[in-house]
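Coordinate inspection notes
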Amino acid sequence: MSGNNNITRPQHRQLRFQVLRYDPATPAVPPRMQAYQIEEADGMTLFIALNEIREHLDPTLQFDFVCRAGICGSCAMMINGRPRLACRTLVRDLPDEITLAPLPFFELIKDLSVNTGKWMRGMSERLQTWLHTQEGAPEADIRRIEERMEPELAEQIYELDRCLECGCCVAACGTAQMREDFVGAVGFGKVARFRLDPRDSRTDEDFYELIGDDTGVFGCMSLLACHDVCPKSLPLQTQIAFLRRKMAVMGLKGAS
Amino acid sequence: MSCKNIIIQAGLADCPRKSRWPARLDLLQSSTGLILGLFMWGHMFFVASILFGKDAMWTITKLFEGFFFFGKSHPGLVSCVVGFVVVVFVLHALMAVRKFPINYRQWRTVRAHAKAMKHEDSTLWVWQVYTGFLLFFFASAHLYQMFVWPQNIGPYASADRVWSDSLWPFYLVMLLAVELHGGIGLYRLAVKWGWPNASRQKLKKVKWALTGFFLILGLATLAAYMKIGYEHRASVGERFTPDWVLEKDLSAGHHGDSL
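Each chain has its residues counted from 1, running along the sequence as written. To label them, take the chains in the order written and letter them from A, then take the ligands in the order written and number them from 1. Residues qualify for local features only when their pLDDT is at least 70, as the model is predicted, and side-chain atom pairs are given and counted only at 80 or more; totals for whole chains, interfaces and linings, by contrast, use all residues. Hydrogen atoms and water are omitted, and side-chain values are computed over all heavy atoms in the structure.

A word on the overall build of chain A. To qualify as a helix, a DSSP run of H or I must reach at least 4 residues; to qualify as a strand, a run of E must reach at least 2; elements of each kind are numbered from the N terminus. Tallying secondary structure elements over chain A gives 9 helices and 7 strands in all. Here the C-alpha coordinates of chain A stretch approximately 80 × 55 × 35 Å along the principal axes. Each of the 256 residues in chain A was classed as buried or not, and the buried ones make up 46%. Working definition of accessibility: Shrake-Rupley area with a 1.4 Å probe, residue cover restricted to the visible protein chains. A total of about 13,100 Å² of accessible surface is found on chain A, and carbon and sulfur atoms cover 50% of it. Across chain A, the 30 positively charged side chains and the 36 negatively charged ones have centroids separated by 2 Å. In this scheme, a residue with accessible area under 20% of its type's maximum is buried, one over 50% is exposed, and one in between is partly exposed, where area comes from a 1.4 Å probe on protein chains only. When charges are counted, neither His nor the chain ends are considered; positive counts come from Lys and Arg and negative counts from Asp and Glu. Think of each charge as sitting on NZ of Lys, CZ of Arg, CG of Asp or CD of Glu.

Right, here's the structure in full:
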């Protein structure tokens, strides 16, 4: 069989990256944009592209990843101005020029790497995002078989439990950029999840104590970028509106 | 100093229970915004009655002055409505200003954020801040004028104000600011509270359609007043009275101006 010279390989683009570089450990060196150029490959994700850069062009470039499959939420970064997961972003959906920056709001470790975990833990402690059971309640006895739950309700809880805590919603939130003590959509999602759970003994009065002020649900200005960028497409808009209505009712009921 | 103030000053206002006021203030911001938004649209229809002719606008004006109920004009009734709007406006401004960027750092951050994100709802909010800020001045001036001189509303009086008093640039800026601010605000109310429960794409389509409609209506109305004002520039101060009223008054021995 003679060689087929007619096979044409698809022309791959040259991708030009502009990456924000900064190391808080060496504050004398100001933040700067560094350019890289690599050739696009079939099915290339941004995560693969970044590894390509680090392997062949610049081993000092720092970014985070763990699962490479949109499950851990570690590789969230600002891609052309919007927060997204690098591992879930195909470069074929991006233009030739790609700008990368770390998520704002969170503590910067270096380059594209941020410490979302530290903030998430603080949020979790602040909003007490764990099941609260009353002493003596059947749910508190771990030797008992759990109460049955309607599958529809379990589905609803599971839907909100899909949150990765990647930080995209907080990085996209205009309110959070202005006010550092704002709970953020991830926090509202957690509260909505535990409010749904019949095993949690907390009432709306208790939830009001957690999110009933301007750092909580009443601070949300409904810009809804959180909803639009969530990599898991969580129904953040409806959940925040729902919490707002419930907490507003508490405000009308309350005495002080 | 009261005990309450001592506790607030010590930073213990939310102990042991969180204040219910943030909820009430949020409701107040939304409800005053809703009232002002709906008033703005209704107001635009009344003002736009000039497009149906001077008689139509005169009739609407006199209706609000109670002419058809009491047989005599009471411009004070208009001042009462304006007074109510002033209270709602001040409350809304007071509530809304809490959400403004309050220092340079916040302003720089949110502006860069909205530009980089290219996210329509975030950009619309920045426009809401710009237009809201403009309305602090423009709406206040307009409300003061209407409160103090309610008798100067009418086909000729309003047109003279627009043209001979050179207020058309003022009304042009206010029209753009109020329609953008109100339209975006009502859309945001819907997504904020989850009612009506429609998709954002649909709500946004309705929002832009309404904003477009009211802007066109407003611009046409302003043009109509400018035209009437220009034609009436030699007789500034003269008030309009429809022919049919003049004829009726003459037969009854009254003069039109006394209406």
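Back to the write-up after that little detour.
Our focus in this paragraph is the sheet that holds strand β3 (residues 76–79) of chain A. Residue and element names in this part refer to chain A. The strand order across the open sheet built from 5 strands is β2-β1-β5-β3-β4, with neighbouring strands paired in mixed fashion. With one partner strand each, in any of the chains shown, β2 (32–39) and β4 (82–85) form the two edges of the open sheet. Between one strand axis and the next, the sheet turns through 35° on average, direction left out of account. Pairing between two strands is assigned when DSSP locates at least 2 bridges connecting them. Pairing analysis gives 2 bridges linking β3 to strand β5 (residues 97–101), with the strands arranged antiparallel. Residue pairing in the sheet places isoleucine 79 in a bridge with leucine 100 of β5. Throughout, a residue-residue contact means that at least one pair of heavy atoms, one from each residue, lies within 4.5 Å. The axes used here are C-alpha line fits, helices contributing only the stretch in contact, and every angle between their N-to-C directions lies in the interval 0 to 180 degrees. Each of β1 (14–21), β2, β3 and β5 touches helix α1 (residues 46–57); the most contacted strand, β2, lies at about 100° to it.

Moving on to helix α6 (residues 184–196) of chain A. All names here are of chain A. The first and last C-alpha atoms of α6 sit 19 Å apart over 13 residues, in line with the 18 Å expected at 1.5 Å per residue. Where burial is concerned, most of α6 is hidden: 11 out of the 13 residues are buried. Buried within α6 are the following residues: Gly184, Ala185, Val186, Gly187, Phe188, Gly189, Lys190, Val191, Ala192, Arg193 and Phe194. Looking at the buried positions of α6, the neighbouring elements they touch are α2 (116–127), α3 (151–161), α4 (168–172), α7 (204–211), α8 (225–229) and α9 (236–253). The span one expects for a helix is its residue count, reduced by one, times 1.5 Å.

On to the interface of chain A and chain B. Taken together, the 43 residues of chain A in the interface contact 33 residues of chain B. Summed over both partners, the accessible area lost on bringing two parts together, with a 1.4 Å probe, is the buried area. Together chain A and chain B conceal approximately 3,300 Å² of surface at their shared face, both sides included; 50% is due to carbon and sulfur atoms. Only one rule defines a salt bridge in this text: a Lys or Arg side-chain nitrogen within 4 Å of an Asp or Glu carboxyl oxygen. Seen at the junction of chain A and chain B, the total is 6 salt bridges. N or O atoms closer than or at 3.5 Å make up a polar contact, with two conditions inside protein: a donor-capable atom paired with an acceptor-capable one, and, for residues adjacent in sequence, both atoms drawn from side chains. At the junction of chain A and chain B, the tally comes to 20 residue pairs in polar contact (both at pLDDT 80 or more). When residues of the side of chain A that touches chain B are traced back to their parent elements, those giving at least two are β4, α4, α5 (174–178), α7, α8 and α9 of chain A. Of all the elements, α9 of chain A adds the most residues to the side of chain A that touches chain B, at 9 residues. Looking at the side of chain A that touches chain B residue by residue, the classes come out as 21 nonpolar, 12 polar and 10 charged. Any residue outside Ala, Val, Leu, Ile, Met, Phe, Trp, Tyr, Cys, Pro, Asp, Glu, Lys and Arg is labelled polar, Gly included; the first ten of those are nonpolar and the last four are charged.

Any link to function would need more than the numbers given here.
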